[in-house]
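Observations on chain architecture
Spelled out, the chains give:
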Amino acid sequence: MEALENRMIQFTSQKFGGMLTLNAIPGHFVTSHSHVNFFIDLTMLKASVDDCEKCAHMMARQYHSLEAVDTVVCLDGTGIIGTFLGRELQRINASEDRKPVYVICPECAANGEMFFRDNVESIVRGKNIVLLMATISTGTSITRGMECIQYYGGNLLNVFTVFSAIEQKDGVPISTIFTKDDIPGYASYIREQCPYCKNNTPIDALVSSYGYSRFTNQ
Ligand SMILES: [Zn+2]
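Below you will find a few notes about this structure. Remember, predicted model here, so these are calculated numbers, not experimental data. (Residues numbered from 1 in each chain as written. Predicted model: local features only at pLDDT ≥ 70, side-chain atom pairs only at ≥ 80, totals over all residues.)

1. Describing the nonpolar core
In plain terms, the rule: A set of buried Ala, Val, Leu, Ile, Met, Phe, Trp, Tyr and Cys residues, joined to one another through C-beta atoms within 7 Å, is what we call a nonpolar core. Around each residue's C-beta, the other C-beta atoms within 10 Å are counted; 20 or more make the residue buried, 12 or fewer make it exposed, and counts in between make it partly exposed. All C-beta atoms are placed from the backbone. What counts as a helix is a DSSP run of H or I of at least four residues, what counts as a strand is a run of E of at least two, and both are numbered from the N terminus. Residues are defined as contacting one another if the C-beta atoms placed from their backbone atoms lie within 7 Å.
Residues Cys55, Leu85, Leu131 and Leu132 are the most contacted members of the largest nonpolar core, which totals 56 residues. In terms of residue count, strand β8 (residues 128–136) provides more of this core than any other element does, 7 residues in total. Filtering out sequence-adjacent residues up to four positions away, Leu132 remains in contact with Val72, Val73, Cys74, Leu75, Thr78, Ile81, Gly82, Leu85 and Phe160.

Structure, rendered in structure tokens:
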């Protein structure tokens, strides 16, 4: 079985030039709610301390109300980027009486629902929140985070992400480092309209923001 990494292509951000490269593998991939023709591999961008710091810096540069943010809610294994984003937020308001900035990673129940324990609620309820995610293709995945923050009484200001194919979701702006235009030909489809399925192109792997899993029968 050919390693998918052999097909890896590197892309740069039109907004930020060569400061950071994005790895993506072309193919036929299935997410929890769509079919996509690139798997965006954020392994290094979420694990390398240097890359995480750069990501946070580029995200912060795109958002002009940083001083309002109380809490960064990290999804999809973005906790390290979130820590650096928290630092960026604190740097904006460096006075001695600055308010604390919190970075949290919600738990997920077995059914995928996000939730906060009682002891964490106080840093969500009534707070100005930004949501940090890895990649956004259709925006369906944002809804989960939005609903959770709303349920716990947080005020969602903005979404930060490494890659997004959309610019906003239900009126909440998305600040992204890489856009769809940075990956020429990038497309996502609902399953019924996927041209690769219509051509009987085999599915390469199941993907999520944590990585990919190949089918064992390939
Ligand atoms: Zn398909």
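2. Digging into the pairing of β8
As a reminder, the rule being used: At least two DSSP bridges between two strands are needed for those strands to be called paired. Looking down the strands as they point away from the viewer, one classifies a crossover as right-handed if the path from the first strand across the helix to the second runs clockwise.
Counted residue by residue, β8 has 8 buried out of 9 residues, so it is predominantly covered. Two strands pair when backbone bridges link them, and strand β4 (residues 71–74) and β8 are joined in this way by 4 bridges, in the parallel orientation. Residue Thr71 lies in a different strand from β8, and its bridge partner there is Ile129. Across 8 bridges, β8 lies against strand β9 (residues 155–164) in parallel orientation. By the bridge assignment, Asn128 is partnered in β9 with Asn155. The handedness of the β8 to β9 crossover, carried by helix α4 (residues 140–151), is right-handed.

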